[in-house]
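Now for the letters of each chain:
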Amino acid sequence: MTPSLTALLCLGEMEEGEGKPQPGTDPSPQPGCSVRRPQDSGGSRVGEALLRIQGEPLTGVSLPGLRVGLRTQVQAGTLPKPTIWAEPGSVIPWGSPVTIWCQGTRGAQIFRLDKEGSSPPWYRQAPREPGDKGKFSISYMTQYGAGIYHCYYRSPTDWSERSDPLQLVVTGVHSKPTLSALPSPVVTSGGNVTLQCGSWEGVDGFILTKEGEPKSSWTLDAQRGPHGQTQALFPMGRVTPSHRWMFRCHGFYRDTPQVWSAPSDPLELLVPGASGKPSLLTPQGPVVASGQNLTLQCRSDVGYDRFTLSQEWRQALPQRPGRQPQAGLSQADFPLGPVTNTHAGRYRCYGGHNLSSEWSAPSDPLDILVAGWFPDTPSLSVQPGPLVASGENVTLLCQSGSTRETFLLSKEGAAWPPLRLRSKYRGGHFQAEFSMSPVTSAHNGTYRCYSSLSSNPYLLSHASALLELTVSGGTEVGALPPTEPGPQTESLPSHPQDYTVENLIRMGMAGSVLLGLGILLFQAQHGHGGPQDAARS
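A brief structural summary. Just so you know, these numbers come straight off a predicted model, no measurement behind them. (Residues numbered from 1 in each chain as written. Predicted model: local features only at pLDDT ≥ 70, side-chain atom pairs only at ≥ 80, totals over all residues. Heavy atoms only, no water.)

## Here's the deal with the state of the cysteines
Thought 1: Across all of its chains, the model carries four disulfides by this definition.
Thought 2: One disulfide bridge connects Cys102 with Cys151, the sulfur atoms lying 2.0 Å from each other. Sign of the S-S torsion, about 80° for the bond between Cys102 and Cys151, identifies this disulfide as right-handed. Remark: Cys151 occurs in strand E9 (residues 147-154) and Cys102 occurs in strand E5 (residues 98-108); sequence separation between them is 49 residues.
Thought 3: According to the relative accessible area criterion, Cys151 is buried, its value standing at 0%.
Thought 4: Note on cysteine connectivity: Cys298 is disulfide-linked to Cys349, with sulfurs 2.0 Å apart. Between Cys298 and Cys349 the sulfur-sulfur dihedral comes to about 75°; the bridge is accordingly right-handed. Here the residue Cys298 occupies a position in strand E22 (residues 293-300), and Cys349 occupies one in strand E27 (residues 345-352), the gap between them amounting to 51 residues.
Thought 5: Since its relative accessible area comes to 0%, Cys349 is described here as buried.
Thought 6: Regarding the disulfides, the protein carries the connectivity 1-2, 3-4, 5-6, 7-8 under sequence-order numbering of its bonded cysteines. (Disulfide = S-S within 2.5 Å. Helix = DSSP H or I, 4+ residues; strand = E, 2+ residues; numbered from the N terminus. Buried < 20%, exposed > 50% of the residue type's maximum accessible area, 1.4 Å probe, protein only.)

Structural data, given as structure tokens:
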């Protein structure tokens, strides 16, 4: 084993007192160093370093905050520059220990550590045995230990060149910023996304770090946001499912760039792959009352080890380990607790394996509708009546005295989502007529209706009173919805007031019809003109 020289490192200035230091305060003194309180030219206390090389290894206990005199100027020499690094890393949480290593050539007798911006005094003592590494320990990291460091070593004849810089960072001095993905943390393979880091503390810059392999970091100046916060936008290049995209960000002030805030909550980008999609369902059904407990279940026969759940226009991507409720089936439950308006929306889930960063293809979407958000209670009636014979035409009428743009009809225990119709104003009421033509025994059941607004189609009124429909005669055809989606009904839009795709389809169909009519008219004219031209000739 290569012998090493252990050095005693004292950083910063200290106050007499008890208890552990807190962010923004000086640490308390420990025995072994004398105390001085120097001032820099501006009157502020400066963190300085004392290095004391001893021939026999010390315990490594640091004495932060102490300054002991004798100063010696080191001139850069001709020996090769040493290597400097920090363990467990160069970014250290407040209060954690860190060790700075300086490695030179074999036979080095003295090591010195300098911190930029300070004038460190140092002591030296010839070691009892030669070594090639110096060890400088800080047992309790604070902002006074943060900075840029260089080290030197001395042989019997000369000093070495100065090492490359080591930037030692302390985190947790300021409150954590927020980190979000625009427009969404779910990104298609090969797509682009922008990460936004923001803070209300008025920091001057942000650092974005990518965890895992390969590690990367980016630094941007902060921009003032519209509501007084500062933020920075980090455009990401093409993302692929080949490795994990996990990010955090920190904020910092310009005059202390090595003193960072606490890290933001982690943000993982989800890049769907091509493996088999899971299914997403809820035992409570797609319509839940405000305050009701809700659980979403993601399951698959692929045997995934983990599952994640995404909600459109939300940043959170909760993950749960997979379990096997039966052979050949893996499943994860996502309890969402008492339902509020924030739980309303469109959900998808994904499966993954523990030894892979890739996720599956997304499940089919599941829309969760929250009832009871609007105060009105629509009424539901049936024509010609609740008792009908198989083959008859039946209409369910949903009405409300409040201004509502959409009505929904749901059947208890049905596998399909509620049907939607745009409202019409008739006889002093807003209403929608859900036609069943003709009815079969599959339409037997209990129905409710709700009203909603297009500005947020996932939030509903209170439910109407139950309506029981009984169809006599006929045979069971299957559990079909009362009305197949068509001109009368509409599907839930993927985003409120987003009808662009529907309009393009309608325009395309209309253009096709006009084009066909034009071709027929041209052929008709050409056909009549041909014989006449032949007769003239």
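## Description of the sheet that holds strand E20 (residues 279-281)
Thought 1: One open sheet holds the four strands; their spatial order is E20-E22-E26-E25, and the pairing between them is antiparallel. Each having just a single partner strand, E20 and strand E25 (323-326) make up the two edges of the open sheet. Strand after strand, the sheet turns through a mean of 35° between neighbouring axes, direction not considered.
Thought 2: Bridging between E22 and strand E26 (residues 329-338) involves eight bridges; their strand directions are antiparallel. Its bridge partner being in E26, Asn293 is matched across the sheet by Pro338. (Pairing = 2+ DSSP bridges. Axes fitted to C-alpha atoms, helices over the stretch in contact; angles between N-to-C directions.)

Keep in mind these numbers describe shape, not what the thing actually does.
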